[in-house]
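Coordinates in review
Each chain, letter by letter, is given below.
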Amino acid sequence: MRNMPKLPVPPLEETKERYIPWIAPFVSADVLEEAKKCMAELLAENSSGLLLQRELVKFAQREDVANWLEPFWIEAYLSERRSLPLYSDNVFYKLALAPTGSELERIWRAASLCHWAGKFYDLIRRKELTPDWDHGQMLCMSQYELLFGTTRIPRKKVDEIISFCAAGNAPFPTHITIMSEGNIAFVHILDEDGNVLPVERIASGLLYILDNLKLQEGLKGAGVFTALPREEWAAIWEDLERVELNQPTLEKIKSSLFVMSFDDASPRSLKQFPIEGLVGSGENRWLDKSFSIIVFKDGQVGVTMEHTCIDGSIMVRLCSYLVSKAREQKYVSFSKEDCLLWERGILYLNDILGKKLVDAKKWLASAKAKSFFRVIELEGIGRSSLRSRGLSPDAFCQLALQLAHYKISGEFVNSYETVMMRHFYHGRTEALRTVTSESKEFVMTMLNPTASVDKKMGAFLKAKETHKKRIVQCKSAKGVERHLFGLKSIYEHRDMFNLDIQKAPSLFESRSWKILNHSVIATSTSSTDGLELVCYGPVVEDGFGGRYLVFDDKVFFCLSCREPQAHVLEDLALNLVETMETIYNMAESFISV
């Protein structure tokens with residue numbers, strides 16, 4: 001894996017040439033002129049921009065730096081102060097597993113998921129997990145080392161990441177955290193030799209533990225704290241740490257492989273899953289864990305991911321693995337038995353913590369009421385039918401979303417799509433800005449009542465090619481934002497690099513930079529294997545989240561927003577369905593001519 005190429009630092013001249021075309025479609029003329037001046041200053045002789053570029057190149061070339069973006073990117077995540085599940089940091093994946101018929105079958109499914117998650121962990125630990133590939137290129141597998149046993153710790157100003165399963169750490173954890181009815185337990189699913197316990201034994205033990213866990217003393221429902229804004233949670237964490245009797249439980253949570261949540265909710269449709277999946281009541285969640293498996297009351301299953309160290313492609317592979325194995329696992333009758341090594345997790349409370357828990361529950365209820373989601377399933381249109389009509393699935397979704405948003409707002413806004421960069425060692429992501437001159441022309445052509453089908457389809461094909469070109473640029477480290485983010489990060493850490501720069505380049509104070517870093521529409525997609533739904537909250541208060549999946553026979557979107565945009569969410573959803581159908585029908589009539 002170390003033979004993989006390191007992430008290069010693009011020449012500053014190339015990034016300058018790309019910056020203006022990337023922002024031009026969604027900024028005003030005066031902002032664009034200001035941006036041109038800022039970019040010229042960035043490359044002026046003896047400028048701070050050139051100095052930062054030289055320092056970034058030196059940093060990237062250091063032997064002890066796997067990837068120049070990685071430390072800055074993780075720090076950016078850990079600096080987020082808002083609620084993790086209600087904005088875009090936490091992601092929820094609904095697994096394609098049908099409801100179970102009884103409580104015993106639900107426990108069996110949970111045991112099966114624990115078992116196979118343990119097997120996946122064992123593959124990682126023994127370095128036997130087969131590599132991921134993308135169009136013939138092997139991808140970096142380093143993120144898998146942080147998938148298990150990793151926890152985000154709330155701290156003032158900047159959080160902390162602790163991993164107990166990273167390469168070289170010993171001894172490795174063998175337990176998971178169980179959460180049910182606000183109670184906590186720790187259960188070992190691996191034996192002392194690292195062997196994963198059989199499903200039957202885990203099921204018998206889980207049944208016993210869940211029946212006996214309700215007698216717990218201490219603070220019940222403390223998981224709600226993990227949904228709070230980070231500064232508030234950090235202060236509460238310090239309060240919890242001050243109680244010496246809480247130390248064993250806090251340490252066990254941090255070191256556990258993952259969380260298994262037995263949830264009280266039973267969402268009846270995909271429309272109910274987003275908010276229940278992302279946070280639920282909060283009492284059966286520990287949202288700071290790298291991932292949690294949630295088994296709902298009716299046996300349906302979801303997974304939540306904390307995004308700091310892990311990107312979506314990693315979690316999608318785990319979800320696909322769990323679904324395939326759970327489907328193969330045949331139910332076998334079992335009885336309740338105290339056969340697992342387990343212990344209760346107790347967090348002791350005082351009057352202050354008791355009051356803060358009440359306040360946290362009130363805050364979460366209010367915050368959930370201000371979070372809105374809309375699920376769209378468009379059946380009859382899928383990967384094969386789109387491709388047969390010359391409609392690239394990804395470009396189809398992005399252009400339909402642009403057209404739908406323009407129809408309700410009358411403006412083009414900064415829109416973001418995540419692009420994976422795991423082709424590079426320790427690679428993360430790049431930001432693709434989806435509004436282009438060609439996509440704007442497509443939108444205006446589609447809204448022109450006199451434009452012919454040929455002209456509309458021609459505009460789509462041009463926009464599609466530009467979109468595909470930008471994806472290639474981003475994957476090959478020739479995007480715009482991560483490079484400039486790296487320069488800005490070097491400036492912000494100038495003392496660490498012994499740089500005598502008194503003032504940041506004007507670009508980083510400019511209106512164009514602020515607009516670029518305010519993603520009104522934040523989107524992403526992935527493989528659909530084993531999934532029914534994926535969702536997350538918006539990135540900004542006045543924007544939208546848009547997670548989409550293109551199946552063989554349908555297109556799925558989950559749109560999200562906060563209260564300021566709630567009044568237009570339904571219109572956006574309805575227009576999105578209409579625009580997808582319109583583009584599809586246009587392509588069908590075009591090829592039939």
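What this report covers is the structure whose coordinates are included nearby.

Reading guide: rules and limits
- Residues numbered from 1 in each chain as written.
- Predicted model: local features only at pLDDT ≥ 70, side-chain atom pairs only at ≥ 80, totals over all residues.
- Heavy atoms only, no water.
- Helix = DSSP H or I, 4+ residues; strand = E, 2+ residues; numbered from the N terminus.
- Rg over C-alpha atoms; globule rule 2.2 N^0.38 Å.
- Buried < 20%, exposed > 50% of the residue type's maximum accessible area, 1.4 Å probe, protein only.
- Contact = heavy atoms within 4.5 Å.
- Areas by Shrake-Rupley, 256 points an atom, 1.4 Å probe, with all protein chains shown as cover.
- Phe/Tyr/Trp six-rings, centres within 6.5 Å; stacked < 30°, edge-to-face > 60°.
- Core = buried A, V, L, I, M, F, W, Y, C linked by side-chain atoms within 4.5 Å.
- Salt bridge = Lys/Arg side-chain N within 4 Å of Asp/Glu carboxyl O.
- Axes fitted to C-alpha atoms, helices over the stretch in contact; angles between N-to-C directions.
- Parallel < 35°, antiparallel > 145°, perpendicular 65-115°, else oblique.
- Left-handed = near helix turned anticlockwise from the far one by under 90°.
- Nonpolar A, V, L, I, M, F, W, Y, C, P; charged D, E, K, R; others polar.
- Disulfide = S-S within 2.5 Å.
- Pairing = 2+ DSSP bridges.

Moving on to the overall build of the chain. Secondary structure summary: the chain contains 18 helices and 18 strands in total. Relative to the 2.2 N^0.38 estimate, which gives 25 Å for 593 residues, the radius of gyration of the chain is 25 Å and therefore close to what a compact globule would have. Buried positions account for 60% of the 593 residues belonging to the chain. Look at the contacts in the chain between residues 6 or more apart in sequence, and 76% of them connect residues 24 or more apart. When the accessible area of the chain is evaluated, it comes to approximately 23800 Å², of which 51% is carbon and sulfur surface.

Taken as a whole and judged by the stated rule, the model has 24 aromatic pairs. Here the aromatic rings of F258 and F291 are separated by 5.1 Å at their centres, their planes lie at 20°, and the arrangement is stacked. A residue pair is termed long-range when its members are at least 10 positions apart, and F258 in the loop between α8 (247–255) and β8 (259–262) and F291 in strand β9 (residues 291–295) qualify at 33 residues. Judged by relative accessible area, F258 falls into the buried class, the value being 0%.

Y93, L147, F148, M260 and I293 are the most contacted members of the largest nonpolar core, which has 110 residues in total. For this core, the leading source of residues is helix α5 (residues 103–125), giving 11 residues. Those residues in contact with F148 that sit more than four places away from it in its chain are A117, F120, Y121, I124, S163, C165, L257, F258, S290 and F291. Ranked by size, the runner-up nonpolar core spans 89 residues in total, among them L378, A400, V419 and F424.

Our next topic: the pattern of salt bridges. If you walk through the whole model with that rule in mind, you get 44 salt bridges. The salt bridge partner of E238 is K156, with a shortest N-O separation of 3.9 Å. Placement of the pair is E238 in helix α7 (residues 230–242) and K156 in the loop between β4 (150–153) and β5 (160–163), with a sequence separation of 82 residues. You can call K156 partly exposed: its relative accessible area is 42%. One salt bridge in this structure joins D359 and K355, with 2.9 Å as the shortest N-O distance.

Below, the discussion takes up the packing of helix α14 (residues 437–446) against helix α15 (residues 453–475). Packed helix pairs are characterised by how far apart their axes lie and by the angle those axes make with each other. Packing of α14 against α15 leaves a shortest axis separation of 8 Å and a crossing angle of 160°. Classified by the angle their axes make, α14 and α15 are roughly antiparallel. Crossing handedness for the pair α14 and α15: left-handed. Contacts from E438, S439, F442, T445 and M446 of α14 reach α15 at K455, K456, A459, F460, K462, A463 and T466. Its residues assigned to classes, the contact of α14 with α15 comprises 5 nonpolar, 3 polar and 4 charged.

Most of helix α4 (residues 69–78) is tucked away, with 7 of its 10 residues classed as buried. Among the residues of α4, those classed as buried are L69, E70, F72, W73, I74, Y77 and L78. Buried positions along α4 lie against α3 (48–61), β4, β5, β14 (429–433) and α16 (481–492).

The tally for this structure, following the rule as stated, stands at 0 disulfides. Between C140, a cysteine without a disulfide, and C309, which holds the nearest cysteine sulfur, the sulfur-to-sulfur distance is 13 Å. Owing to a relative accessible area of 2%, C140 belongs among the buried residues under this scheme.

Below, the discussion takes up the sheet that holds strand β15 (residues 521–524). With mixed pairing, the 6 strands of this open sheet are ordered in space as β12-β18-β17-β15-β13-β14. With partners counted over all chains shown, the strands left at the sheet margins are β12 (371–379) and β14, one partner each. Looking at each pair of strands side by side, their axes are set apart by 20° on average, direction ignored. Bridge analysis of β15 against strand β17 (residues 544–550) gives 4 bridges, and the strand direction is parallel. The residue bridging I521 from the neighbouring strand is F544, located in β17. Against the sheet, helix α13 (residues 393–409) touches β13 (415–420), β15, β17 and β18 (554–562), its axis set at about 145° to β17.

With that out of the way, let us pick up the sheet that holds β8. The strand order β11-β7-β6-β8-β9-β10-β1-β16 describes an open sheet built from 8 strands, whose pairing is mixed. Two strands lie at the open edges of the sheet, namely β11 (342–345) and β16 (531–535), each paired on one side alone. Taking each pair of neighbouring strands and ignoring which way they run, the sheet shows an average axis angle of 20°. Docked against the sheet, helix α10 (residues 312–328) engages β1 (90–95), β9, β10 (301–306) and β16, running at close to 25° with respect to β1.

This brings us to the pairing of strand β7 (residues 183–188). For β7, the tally of buried residues reaches 6 of 6 residues, placing the bulk of the element in the interior. Residue alternation in β7 divides its side chains into two sets, N183, A185 and V187 and I184, F186 and H188, and both sets are buried. Two elements, strand β6 (residues 175–180) and β7, share 6 bridges in a ladder whose sense is antiparallel. Its bridge partner being in β7, H175 is matched across the sheet by H188. Taken together, β6 and the strand that follows it, β7, pair antiparallel across an intervening segment of 2 residues, in which E181 is found at a positive phi of about 50°. Where β7 and β11 come together, 4 bridges link them in antiparallel fashion. Looking across to β11, one finds that I184 is bridged to G345.

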